[in-house]
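As a plain string of letters, each chain reads:
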Protein chains: 2
Amino acid sequence: MDIAIVLFDRFTALDAVGPYETLGRLPGARTTFVAEQAGPVRSDTGNLALVADRALADVPSPDLVVVPGGPGQHAVMAHVPLLDWLRAADAGSTWTTSVCTGSLLLGAAGLLRGRRATTHWLGLDTLAEYGATPTGERVVFDGKYVTAAGVSSGIDMGLALLGRIAGDEVAQSVQLATEYDPQPPYDAGSPEKAPAHLVARMRENSRFMLT
Amino acid sequence: MDIAIVLFDRFTALDAVGPYETLGRLPGARTTFVAEQAGPVRSDTGNLALVADRALADVPSPDLVVVPGGPGQHAVMAHVPLLDWLRAADAGSTWTTSVCTGSLLLGAAGLLRGRRATTHWLGLDTLAEYGATPTGERVVFDGKYVTAAGVSSGIDMGLALLGRIAGDEVAQSVQLATEYDPQPPYDAGSPEKAPAHLVARMRENSRFMLT
């Protein structure tokens, strides 16, 4: 199975690395990081670059596509080469997936119309504008489309999809190898659980980023 | 605060990216990925390279050091330039931290003698050989030394340390922004919880990697 993980300027690193570290351990799979041009692609903080080993044009027909999100998603929402690639790759894919606001890119490519999907909690309203039915679930399967909520949810998505593709034991082995037995020191990981004033502040600060 | 995240050939990507995505969002912090030489450093799967923006020698006195682990840790356990850098950086650091088998490198540098510490569950016996007292906790604080268990535990460590450095609200905001509300599809993330035959198989397969 050929897995392609798409990078673009100012993506969020964990969006991409969560699925890479889980799904990418599928026995026999070949994972390739791709971007419009091969080479280093810098993440949203500016402090980290991941290398895209291949250009989009060199990986035209992956079996599984992963689209991460991040603040840079906004700048490529109408970027024809990327959207064209997503549509072409999706036409031949077995699975088309996203993490965080990556689903807004799938939406912009017209791939989520009439489908249940999710995204970062700050992007749920925008997701609806692309004809998807947003849900608050952490990982949403709708046919071959698998979308995950914000940033860290790509780890849960990766394990869930690994289980579907290769069976429970493979997924459990990867969970054990990555010691994914989460013990967050706070219980503030969703807008329902976090202190209300922090949720309000984040909504206010993001007002111009996601529309 | 200057944060340095150390890369070496065949590191595990999530070990490094978990703390980067959490701790690295400390207001006012500057995070730098460093390696013996600046440039791309390839992870354990061979399918991903992260860019070290600076050489170790160019970042001699970070305030906070993060050492990830991974299969490549074994090859650098006696690598003098790296161990010398770790000792020198530690001499001036406010916090010295590790994820996964990164603590074995801290141990090899002589920094964990007499300290409580942790590592990937497969490395706990090896950790004891460096004079540390291994614990099964996911994140261990002992003075300025903070060690985390396997791979994904760096996210929990990052948030816990963020709370200590900048207060609960900053840590909670980062947890909310990264939507870290984990919902693993299986409960197999530790040797106590995973099916016993998977634990046994992984122990057997790793017999030659960690000693």
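Below is a short write-up of the structure. Note that this is a predicted model, so its numbers are computed, not measured.

Observations regarding the interface of chain A and chain B
Across the contact, 63 residues belong to chain A and 63 residues belong to chain B. Roughly 5,600 Å² is buried in total at the junction of chain A and chain B, and carbon and sulfur atoms are behind 57% of that figure. If you sort the residues of chain A by the area they bury against chain B, Leu176, Glu179 and Tyr186 of chain A come out on top, with a joint share of 15%. For Asp44 of chain A, the salt bridge is made with Arg25 of chain B, and the minimal N-O distance between the two is 3.1 Å. Applying the counting rule to chain A against chain B returns 46 residue pairs in polar contact (both at pLDDT 80 or more). Residue assignment for the side of chain A that touches chain B shows that the elements contributing at least two residues are helix 1 (13-22), strand 2 (30-35), strand 3 (39-42), strand 4 (49-52), helix 5 (153-166), helix 6 (168-177) and helix 7 (196-205) of chain A. Of the residues forming the side of chain A that touches chain B, the biggest block, eight residues, is contributed by helix 6 of chain A. The class makeup of the residues in the side of chain A that touches chain B is 31 nonpolar, 18 polar and 14 charged.

Comments concerning the packing of aromatic side chains
Residue and element names in this part refer to chain A. For the structure shown, the criterion picks out four aromatic pairs over all chains. Ring centres of Tyr20 and Phe33 lie 5.7 Å apart, and the angle between their planes is 55°; this geometry places the pair in the tilted category. Taken together, the positions of Tyr20 in helix 1 and Phe33 in strand 2 put the pair 13 residues apart, joining distant regions of the chain. Like Phe33, Tyr20 is buried. Positioned above the aromatic ring of Phe141, the side-chain terminus of Arg164 is 3.8 Å from the ring centre.

Observations regarding the pattern of salt bridges
This model, assessed by the stated rule, comprises 22 salt bridges over all chains. For Arg25 of chain B, the salt bridge is made with Glu21 of chain B, and the minimal N-O distance between the two is 2.5 Å. One connected set of salt bridges, linked through shared partners, spans Glu21 and Arg25 of chain A together with Asp44 of chain B.

Section: the pairing of strand 7 (residues 95-99) of chain A
Residue and element names in this part refer to chain A. Extensive coverage of strand 7 is indicated by the burial of five of its five residues. Sheet analysis places strand 6 (residues 64-67) next to strand 7, joined by four bridges and oriented parallel. Along strand 7, the bridge assignment pairs Val65 with Thr96. Taken together, strand 6, helix 2 (residues 80-92) and strand 7 form a β-α-β motif whose crossover is right-handed.

Description of the packing of helix 5 of chain A against helix 6 of chain A
Residues and elements named next belong to chain A. As a packed pair, helix 5 and helix 6 sit with axes 6 Å apart at the nearest point and diverge in direction by 145°. Of the two possible hands of crossing, helix 5 and helix 6 adopt the one that is right-handed. Across the interface between the two elements, Leu159, Leu162, Gly163 and Ala166 from helix 5 touch Asp168, Val170, Ala171, Val174 and Gln175 from helix 6. Taken together, the residues of the contact of helix 5 with helix 6 sort by class into six nonpolar, two polar and one charged.

Cut-offs and rules
- Numbers given for residues are sequential positions, taken from 1 along each chain in its written order.
- Lettering for chains starts from A, numbering for ligands starts from 1, and both go in the order in which the items are written.
- Per-residue local features are limited, in this predicted model, to residues with pLDDT of at least 70; the limit for side-chain atom pairs, both in listing and counting, is 80 or more; totals at the level of whole chains, interfaces and linings are taken over all residues.
- Side-chain measures here rest on the full set of heavy atoms in the structure, leaving out hydrogens and waters.
- We call two residues in contact when some of their heavy atoms are within 4.5 Å.
- Defined in terms of a 1.4 Å probe, buried area is the accessible area two parts forfeit on being brought together, summed over both.
- One speaks of a salt bridge when a side-chain nitrogen belonging to Lys or Arg is within 4 Å of a carboxyl oxygen belonging to Asp or Glu.
- Within 3.5 Å is the distance limit for a polar contact, defined as a pair of N or O atoms, with the added protein rule that one can donate a hydrogen and the other accept it, and that residues adjacent in sequence qualify only through two side-chain atoms.
- Numbering of helices and strands runs from the N terminus, with a helix taken as a DSSP run of H or I at least four residues long and a strand as a DSSP run of E at least two residues long.
- Charged residues are taken to be Asp, Glu, Lys and Arg, nonpolar residues to be Ala, Val, Leu, Ile, Met, Phe, Trp, Tyr, Cys and Pro, and polar residues to be all remaining types, Gly included.
- We call Phe, Tyr and Trp rings a pair once their centres come within 6.5 Å, taking the six-membered ring for Trp, and we label the pair stacked below 30 degrees between planes, edge-to-face above 60, and tilted otherwise.
- Buried residues are those whose accessible area, probed at 1.4 Å on protein chains only, stays under 20% of the maximum for their type, while exposed residues exceed 50% and partly exposed ones sit between those limits.
- Charges are assigned to positions over rings by a cutoff of 6 Å between ring centre and Lys NZ or Arg CZ, combined with an angular limit of 35 degrees from the ring normal.
- DSSP calls a pair of strands paired once it identifies at least 2 bridges connecting them.
- Handedness of a crossover: with both strands directed away from the viewer, a clockwise path from the first strand across the helix to the second marks it as right-handed.
- Each axis is a line fitted through C-alpha atoms, and for a helix only the stretch in contact is used; angles between axes span 0 to 180 degrees, taken between their N-to-C directions.
- Crossings are classed by handedness, with left-handed meaning an anticlockwise turn of the near helix from the far one by less than a right angle and right-handed meaning a clockwise turn.

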